[in-house]
Amino acid sequence: MPLDQTIGMQIVILFILAIPVACISWTVVREEVFHEVREYCANGSKKAKRLPVKKFFYLFTCEYCFSHYVAGAMLIITDFRMIFPDWRGYIISGFSIVWIANIYIGLYNMIRLDIKTVTLETKIEEKKLEGK
């Protein structure tokens, strides 16, 4: 990623790169398609005797933790650096991507919760109407 970009353009790229990081992190840690993997990892994190093994398995059960690794992979793929052209730029961009991605995850979680609440309220109202 060329560093001759303005800070404004770097921020735009940051917000765009955080989208797939959030999406991948949420999907692996929360969605049903990875349920068996998540169960296996949850058991591995509880039953492992060595701390590094416990932490490795725990990584797949926490979207915040997992997003750090996804962000790291994204940095390798895109060579994105913010502010500094060296290793400091990777550190700043990595933690910035994680932060923005987790804001996205929080917003998505709130939206899903709101949708579930509305769906539940609708079902309750339908049952009340059917009972009358």
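The structure displayed is predicted, hence computed values, not measured ones. (Residues numbered from 1 in each chain as written. Predicted model: local features only at pLDDT ≥ 70, side-chain atom pairs only at ≥ 80, totals over all residues. Heavy atoms only, no water.)

Here we come to a nonpolar patch on the surface. Residues I7, I11, F15 and I83 make up a contiguous nonpolar surface patch of roughly 340 Å² in combined accessible area. Looking at the secondary structure, you find I83 in the loop between α4 (63-78) and α5 (87-131). (Patch = residues over 30% accessible without salt bridge, like charges linked within 9 Å, V, L, I, M, F, W, Y side chains within 5 Å. Areas by Shrake-Rupley, 256 points an atom, 1.4 Å probe, with all protein chains shown as cover. Salt bridge = Lys/Arg side-chain N within 4 Å of Asp/Glu carboxyl O. Helix = DSSP H or I, 4+ residues; strand = E, 2+ residues; numbered from the N terminus.)

With that settled, consider α5. When the terminal C-alpha atoms of α5 are compared, their 66 Å separation across 45 residues agrees well with the 66 Å that a helix rising 1.5 Å per residue should span. For α5, the set of buried residues is G89, S93, G94, S96, I97, V98, I100, A101, N102 and I105. Residues of α5 that are buried make contact with α1 (7-30) and α4. (Expected span 1.5 Å × (residues − 1). Buried < 20%, exposed > 50% of the residue type's maximum accessible area, 1.4 Å probe, protein only. Contact = heavy atoms within 4.5 Å.)

Counted according to the given criterion, the structure contains five aromatic pairs. Ring centres of Y40 and F57 lie 5.7 Å apart, and the angle between their planes is 80°; this geometry places the pair in the edge-to-face category. With Y40 in helix α2 (residues 35-47) and F57 in helix α3 (residues 51-58), the pair connects residues that are 17 residues apart, well separated along the chain. Ring pairs connect the aromatic residues Y40, F56, F57, F60 and F66, which therefore count as one cluster. Sitting above the plane of the Y58 ring, K55 keeps its charged end 6.0 Å from the centroid. The cationic tip of R88 hangs over the ring face of F84; the distance from NZ or CZ to the ring centre is 3.9 Å. (Phe/Tyr/Trp six-rings, centres within 6.5 Å; stacked < 30°, edge-to-face > 60°. Lys NZ or Arg CZ within 6 Å of the ring centre and 35° of its normal.)

Moving on to the nonpolar core. Counting 22 residues, the largest nonpolar core has L14, L17, V21, F66, F80 and I97 as its most contacted members. Of all the elements in the fold, those that place two or more residues in this core are α1, α4 and α5. Of all the elements, α1 adds the most residues to this core, at nine residues. Ignoring anything within four residues of it in the chain, the contact list for I97 reads L14, L17, A18, V21, A71, L75 and F80. (Core = buried A, V, L, I, M, F, W, Y, C linked by side-chain atoms within 4.5 Å.)

Our next topic: the environment of A101. Within the element layout of this structure, A101 appears in helix α5. With 83 residues separating them in the primary sequence, A101 and A18 have C-alpha atoms 4.6 Å apart. Setting aside residues no more than four positions away along its own chain, A101 makes contact with A18, V21 and A22.

Between α1 and α5, the shortest axis-to-axis distance is 8 Å and the interhelical angle comes to 60°. In this view, α1 runs oblique relative to α5, as classed from their interaxial angle. Judged by the twist between their axes, the crossing of α1 over α5 is right-handed. Across the interface between the two elements, L14, F15, L17, A18, I19, V21, A22, S25, W26 and R30 of α1 pack against S93, S96, I97, I100, A101, Y104, I105, Y108, N109 and R112 of α5. Here the residues of the contact of α1 with α5 sort into 14 nonpolar, four polar and two charged. (Axes fitted to C-alpha atoms, helices over the stretch in contact; angles between N-to-C directions. Parallel < 35°, antiparallel > 145°, perpendicular 65-115°, else oblique. Left-handed = near helix turned anticlockwise from the far one by under 90°. Nonpolar A, V, L, I, M, F, W, Y, C, P; charged D, E, K, R; others polar.)

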